[in-house]
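Structural overview for review
As a plain string of letters, each chain reads:
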Amino acid sequence: MYKVKVNDKYNYEIEKNGDGLLIDNEKITADVKQLSNLAYHIINNLQSYNVEVVSFDSSEKTAEIKVNNNVYTVTAKDQFDILLDKLGLSNLNASKVSEIKAPMPGMVLKVFVGEGMEIKKGDNLFVLEAMKMENIIKAPADVVVKTVKIKPGDKVEKGQILMLF
């Protein structure tokens, strides 16, 4: 079951039921034909729709969909997202990141960022060698680097602050 919000205004509950779909507990028996990777033609209740996926972000579970030349913003939540909302844990990833600490003792091999750089979540920050293995440390969120406290060749201890954001 998915809870879908369209244009931050309209809410729907969608559930896959065998061959068809239930939208707000109403069975939909549409004829769907995939025209290309991102384009579809749908016939439902004797009405024809040309649908194109304009953009899709799987991590955020959002998409922009063009239906008969009208663009809609769609956000979906599955049962796990709904459970996290109920438990009050849905905003854990949005927490402010202010520093990076060494996850283990080791030696800094490379530093990819400098002070003042804007970094996106998942970008490489530095390489830390520990127990003869190279570990690429990545940014946990979108941040701007304020201070870099390490340089290649530095030995660091677990928990030592390496960068400030």
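Please refer to the structure placed before this passage.
Residues numbered from 1 in each chain as written. Predicted model: local features only at pLDDT ≥ 70, side-chain atom pairs only at ≥ 80, totals over all residues. Heavy atoms only, no water.

1. Comments concerning the pairing of strand β18 (residues 161–164)
Going by this rule: Two strands pair if DSSP finds at least two bridges between them. Where helices and strands are cited, they refer to DSSP runs of H or I of at least four residues and of E of at least two residues respectively, numbered from the N terminus.
Pairing geometry for strand β10 (residues 99–101) and β18, over 3 bridges, is antiparallel. Bridging from a neighbouring strand, Lys101 pairs with Ile161 of β18. Pairing of strand β16 (residues 147–148) with β18 involves 2 bridges; the strand directions are antiparallel. When the sheet's bridge partners are listed, Val148 is paired in β18 with Met163.

2. Some words on the pattern of salt bridges
Operational definition: Salt bridges are identified by distance alone: a Lys or Arg side-chain nitrogen within 4 Å of an Asp or Glu carboxyl oxygen. Only protein chains enter the area calculation, which uses a 1.4 Å probe; residues under 20% of their type maximum are buried, those over 50% are exposed, and those in between are partly exposed.
All told, the structure shown has 5 salt bridges when counted by the stated rule. A salt bridge links Glu13 to Lys3, with the nearest nitrogen and oxygen atoms 3.8 Å apart. You can see Glu13 sitting in strand β2 (residues 10–17) and its partner Lys3 sitting in strand β1 (residues 2–6), a full 10 residues away along the chain. Judged by relative accessible area, Glu13 falls into the partly exposed class, the value being 36%. With a closest N to O distance of 3.2 Å, Asp78 and Lys61 form a salt bridge. Linking Asp78 in the loop between β9 (70–77) and α1 (79–87) with Lys61 in the loop between β7 (47–57) and β8 (62–67), this pair joins segments that are 17 residues apart in sequence. Here Asp78 falls in the buried class, since its relative accessible area comes to 13%. One salt-bridge network, in which partners are shared between bridges, spans Lys61, Asp78 and Asp81.

3. Some words on the layout of surface pockets
Over the atoms, a rolling probe the size of a water molecule traces out where space has been left empty. As a reminder of what qualifies: Within this scheme a cavity is a closed region of a 1 Å grid, computed over the protein atoms alone, that accommodates a 1.4 Å probe without allowing it to escape, whereas a pocket is open but has protein on both sides within 12 Å along at least five of seven lines; lining residues each have an atom within 4 Å of a point. Grid points are joined across faces, edges and corners, and a volume is the space filled by probe spheres set on the points. Gly is placed with the polar residues, together with every amino acid not listed as nonpolar (Ala, Val, Leu, Ile, Met, Phe, Trp, Tyr, Cys and Pro) or charged (Asp, Glu, Lys and Arg).
Considered as a void within the structure, the largest pocket measures approximately 1500 Å³ in volume. Around the largest pocket, the lining comprises 34 residues; the ones closest to its centre are Ile14, Leu21, Ile23, Ile42 and Ile65. Elements that contribute at least two residues to the lining of the largest pocket include exactly β1, β2, β3 (20–23), β6 (39–44), β7, β8 and β9. Examining the composition of the lining of the largest pocket, we find that 5 residues originate from one element, β2, more than from any other. Classifying every residue of the lining of the largest pocket gives 24 nonpolar, 4 polar and 6 charged.

4. As for the environment of Thr29
Residue placement: Thr29 occurs in the loop between β4 (26–28) and β5 (31–34). For the pair Thr29 and Asn44, spaced 15 residues apart in sequence, the C-alpha to C-alpha distance is 7.0 Å.

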